Amino acid sequence: MRMPDPGTRAGNQASAMTALLEAVAAHGDRTAFAALFEHFAPRIKAYLRRLGAADGEAEELAQEAMLSAWRKAGQFDPAKASAGTWLFTIARNLRIDALRKERRPELDPEDPAWVPDPEPAADDRLHGEQRSARLRAALDYLPEDQVTVVKMSFFDDKPHSLIARELGIPMGTVKSRLRLAMRRLRQDLGEIT
Amino acid sequence: MTASRHPSDALLMAYAAGSLGEPTALLVATHLALCPRCRSAVADAEAVGGALMEDLAPAALNDGALESVLARLDSGVEPPATAPATAPAPRGDARLIPQPLRGYLPTPVEELPWRPLGPGIHAVKLLTGRGGDIARLYRIGAGRAVPRHGHRGNEMTLVLTGAYRDDLGRVGRGDVAEVDDAVTHQPVAEPTEDCICLVVTDAPLRLTGAARLMQPFMRT
Ligand SMILES: [Zn+2]
């Protein structure tokens, strides 16, 4: 079993990744970047392969994703996301551009119409790495049928109707399993009661 | 001003996974600009994606991959990390139409090539996704009614200005209403203000009764 708390090996490693990313952001630290690359590039490539990209494509996009992380490191906010989550969103967006050939509509918190977050309950909220570590642990305790639809959602690039057909269950069941999974995971994070 | 009707958790997760077509992703993203609650849910779903990616068996990169990326950093083509570029000057409709939607409008909202669909009702097509789903803006004049219609697939609506009511209740700014092929409804704009909404359909609308006459227009 993976241990959720920072202070364990996984937690230390995750915090180390955040520190490396902050070093890249602060002074373009190439040694830190190389360490991030060694850890994340093979996982990004695996993610893209899992979604059906050919080996060469996945290789190229994984390298692009790391370059993009270099360029955007200043935008990384460790309060909001873990290094792994942030890199996942970069890889996801690159895949949409390059493989789906669609644009990913980008959020802009500086927009005049943006409705800001309510006053932060800063102290109660978990930091990015803590939340990710807890989520990884919580995923292990989800019922198998929920884990299956969650994984298909992230790795199969299919609408819910096709996921339903593949599993031979009604679409409403796919949606309710996702709802239950999200609810359970967010309860574990203390995001909802 | 906070939305009271939200996309389903399943839809937010599909958005976080990156599996939605661009028109639907645009609608969800525009709701997120108006809804801190769903932003928090999407952030958690993205953390699930990050955890799943982290747990995959790593796929080795080609020999020399790191060196070639470092060389690209050295070539000076890659600028170091900096703050994002500043946005263009806000337009007159900037408070009304949030990003990312505003970036999809070629002109301010009042100057769009609105096509009349019937008394008090206009629409303009914004975007067709690769899956055939379509995003349109609709403008329902204050107090006007859209003819009763059914749906051949899913229809998702995000209200941007004003509000409308239908058989299922009131839908106001920031709210998302999702109907499927089992639903027929007759949205009526509230009398005080035009109701502008972003509507994404994944199949052509099926109109009932006399409203069939309007069907050709609905395909614009
Ligand atoms: Zn919402």
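The rules behind these values
Residues numbered from 1 in each chain as written. Chains lettered and ligands numbered in written order. Predicted model: local features only at pLDDT ≥ 70, side-chain atom pairs only at ≥ 80, totals over all residues. Heavy atoms only, no water. Salt bridge = Lys/Arg side-chain N within 4 Å of Asp/Glu carboxyl O. Helix = DSSP H or I, 4+ residues; strand = E, 2+ residues; numbered from the N terminus. Buried < 20%, exposed > 50% of the residue type's maximum accessible area, 1.4 Å probe, protein only. Domains from an automatic or database assignment. Contact = heavy atoms within 4.5 Å. Buried area = accessible area lost by both parts, 1.4 Å probe. Polar contact = N/O pair within 3.5 Å; in protein donor to acceptor, adjacent residues only side chain to side chain. Nonpolar A, V, L, I, M, F, W, Y, C, P; charged D, E, K, R; others polar. Donors = N, O, S within 2.8 Å, 3.2 Å for Na, K, Ca; no water. Tetrahedral: all angles 85-135°; square planar, octahedral: opposite > 155°, others 65-115°. Phe/Tyr/Trp six-rings, centres within 6.5 Å; stacked < 30°, edge-to-face > 60°. Lys NZ or Arg CZ within 6 Å of the ring centre and 35° of its normal.

1. A closer look at the pattern of salt bridges
Taken as a whole and assessed by the stated rule, the structure comprises 22 salt bridges over all chains. The partner of Arg103(A) in a salt bridge is Glu22(B), and the shortest N-O contact between them spans 4.0 Å. Residue Arg103(A) is located in the loop between helix 4 (83–98) and helix 5 (128–139), and its partner Glu22(B) is located in helix 2 (residues 22–34); the two belong to separate chains. Relative accessible area serves as the criterion here: at 48%, Arg103(A) is assigned to the partly exposed category. Given the relative accessible area of 9%, Glu22(B) is considered buried. We note a salt bridge from Asp167(B) to Arg148(B), for which the minimum N-O separation is 3.1 Å. One end of the pair, Asp167(B), is in the loop between strand 6 (163–166) and strand 7 (169–172); the other, Arg148(B), is in the loop between strand 3 (134–140) and strand 4 (149–151), and 19 residues separate them in sequence. Through salt bridges with shared partners, a single network forms among Lys45(A), Arg49(A), Asp55(A) and Glu59(A).

2. Observations concerning the domain arrangement of chain A
Residues and elements named next belong to chain A. Here chain A is described as being made up of domain 1 (8–106) and domain 2 (141–193). Each of domain 1 and domain 2 was reduced to a C-alpha centroid, and the two centroids are 25 Å apart. Domain 1 puts 6 residues into the contact, and the matching count from domain 2 is 4 residues. Together, the buried faces of domain 1 and domain 2 total about 500 Å²; carbon and sulfur atoms form 55% of this surface. The shortest N-O distance in the salt bridge between Asp156 and Arg50 comes to 3.7 Å. Taken together, domain 1 and domain 2 are joined by 2 residue pairs in polar contact (both at pLDDT 80 or more). Elements that contribute at least two residues to the side of domain 1 that touches domain 2 include exactly helix 2 (30–50) and helix 4. Taken together, the residues of the side of domain 1 that touches domain 2 sort by class into 3 nonpolar, no polar and 3 charged.

3. Examining the coordination of the zinc ion
Residue and element names in this part refer to chain B. Here the zinc ion is held by His6 (ND1), His31 (NE2), Cys35 (SG) and Cys38 (SG), and the distances to it run 2.0 to 2.3 Å. Here the zinc ion binds 4 donor atoms, and the angle range of 98 to 121 degrees at the metal identifies the geometry as tetrahedral. In the primary sequence, the donor residues of the zinc ion line up as H-x24-H-x3-C-x2-C. In this pair, His6 sits in the segment before helix 1 (9–17) while Cys38 sits in helix 3 (residues 36–55), placing the two residues 32 residues apart along the sequence.

4. With respect to the packing of aromatic side chains
For the structure shown, the criterion picks out 6 aromatic pairs over all chains. In this structure an aromatic cluster arises from ring pairing among Tyr47(A), Phe88(A), Phe154(A) and Phe155(A). For the cation-ring pair, Arg103(A) lies above Tyr104(B), with the distance from its terminal atom to the ring centre recorded as 4.2 Å. Lying across the ring of Tyr15(B), Arg104(A) places its NZ or CZ 3.9 Å from the centre.

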